[in-house]
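One letter stands for each residue in the lines below.
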Amino acid sequence: MNKILTALLLAAIAIPAAHADDAPAEVRTKAFKKMLLTFEPLGMVVRERAPYNKTQFEQQAETLRTLAREPFNHFPANSISGKSRAKPEIWSQPAKFQANRDALLKATDNLAAAAKSGDLASIKKSYGQVAQSCKTCHDAFRGPEK
Ligand code: HEC
């Protein structure tokens, strides 16, 4: 009886443990996707495919600033599994990864400030910096889709 109980308990512990690595990758992917949902409408305005509304743009830029921080709370060491596109270099080159993250955060700060000023030229410039920071990090640290 005891042995069976122990086996059951171990099984109960082992099952979530086997999937534990999936969790951070899923959580950060969701957070990245949520950020993208705010980033895309800003891009529509910047590319003049949607009308510019200062208040709305300002709010969205502020939301982007907040959402951009979230995914980076979910990169525990070597959390690659399942469909994760994270490259091992994230953890073998942590200073470079952090510099890429900081570039994104700084760019979203600049975009939020530009949005507040309402100056379209600096909005476009800051938006371009955000987009560039996504690409720089993806090129270095995101692998192909699985
Ligand atoms: C500092 C690095 C870094 C920056 C900056 C960054 N990303 Fe990513 N992004 C990643 C990594 C790594 C993944 C893969 C995560 C995984 O699958 O575990 C990812 C995944 C994503 C995903 C999930 C879907 C997919 O393609 O895997 C989206 C959407 C995304 N990023 C959008 C963006 C956008 C938009 C920006 C800029 C506004 C951005 N990212 C900036 C590193 C970054």
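The structure presented is a predicted model; accordingly, all values stated were derived computationally and were not measured. (Residues numbered from 1 in each chain as written. Predicted model: local features only at pLDDT ≥ 70, side-chain atom pairs only at ≥ 80, totals over all residues. Heavy atoms only, no water.)

Its 22 residues give helix α6 (residues 120-141) an end-to-end C-alpha distance of 31 Å, which sits within 8% of 32 Å, the value for a rise of 1.5 Å per residue. For α6, every residue scored as buried is listed here: Ile 123, Ser 126, Tyr 127, Val 130, Ser 133, Cys 137, Ala 140 and Phe 141. (Helix = DSSP H or I, 4+ residues; strand = E, 2+ residues; numbered from the N terminus. Expected span 1.5 Å × (residues − 1). Buried < 20%, exposed > 50% of the residue type's maximum accessible area, 1.4 Å probe, protein only.)

Our next topic: the UniProt feature "binding site: heme c" (unreviewed entry) in the chain. According to UniProt, the positions carrying the feature "binding site: heme c" (unreviewed entry) are Cys 134, Cys 137 and His 138. Lining the largest pocket, from the set of annotated residues above, are Cys 134, Cys 137 and His 138. Here Cys 137 is to be found in helix α6. Among the residues examined, Cys 137 registers a relative accessible area of 12% and is labelled buried. Sequence-distant contacts of Cys 137, defined by excluding residues within four places in its chain, comprise Phe 97, Asn 100 and Arg 142. With respect to the helices and strands, the residue His 138 is situated in helix α6. In this structure His 138 comes out as partly exposed when scored by relative accessible area, which is 30%. (UniProt positions renumbered as here; feature names shortened; annotations may be inferred. 1 Å grid on protein atoms, 1.4 Å probe; cavity = no way out; pocket = protein on both sides within 12 Å on 5 of 7 lines; lining within 4 Å. Contact = heavy atoms within 4.5 Å.)

When you line up the elements, Ser 84 lands in the loop between α3 (54-69) and α4 (89-92). Overall, Ser 84 belongs to the buried group, its relative accessible area being 7%. In this structure the side chain of Ser 84 is engaged in a polar contact, spanning 3.2 Å, whose partner is the side chain of Arg 28. Of note is the side chain of Ser 84, whose polar atom sits 3.1 Å from the backbone nitrogen of Ala 86. With near-sequence residues (within four places) excluded, Ser 84 lies in contact with Ala 25, Arg 28, Ser 79 and Lys 146. (Polar contact = N/O pair within 3.5 Å; in protein donor to acceptor, adjacent residues only side chain to side chain.)

For α3, with 16 residues, the first-to-last C-alpha span of 23 Å sits near the 22 Å given by 1.5 Å per residue. Along α3, the residues that are buried comprise Phe 57, Ala 61, Leu 64, Leu 67 and Ala 68. With its buried residues spanning 130 degrees around the axis, α3 presents them on a single face. In α3, the exposed positions that point more than 90 degrees away from the buried face belong to Thr 55, Gln 59 and Thr 66. (Arc of directions from axis to C-beta.)

For the pair α3 and helix α5 (residues 94-117), interaxial distance at closest approach is 9 Å and the crossing angle is 165 degrees. Between α3 and α5, the crossing angle belongs to the class labelled roughly antiparallel. Every pair of crossing elements has a handedness; the one defined by α3 and α5 is left-handed. Contact residues: α3 offers Lys 54, Phe 57, Glu 58, Ala 61, Glu 62, Leu 64, Arg 65, Ala 68 and Arg 69, while α5 offers Leu 104, Leu 105, Thr 108, Asp 109, Leu 111, Ala 112, Ala 115, Lys 116 and Ser 117. Class assignment for the residues of the contact of α3 with α5 results in nine nonpolar, two polar and seven charged. (Axes fitted to C-alpha atoms, helices over the stretch in contact; angles between N-to-C directions. Parallel < 35°, antiparallel > 145°, perpendicular 65-115°, else oblique. Left-handed = near helix turned anticlockwise from the far one by under 90°. Nonpolar A, V, L, I, M, F, W, Y, C, P; charged D, E, K, R; others polar.)

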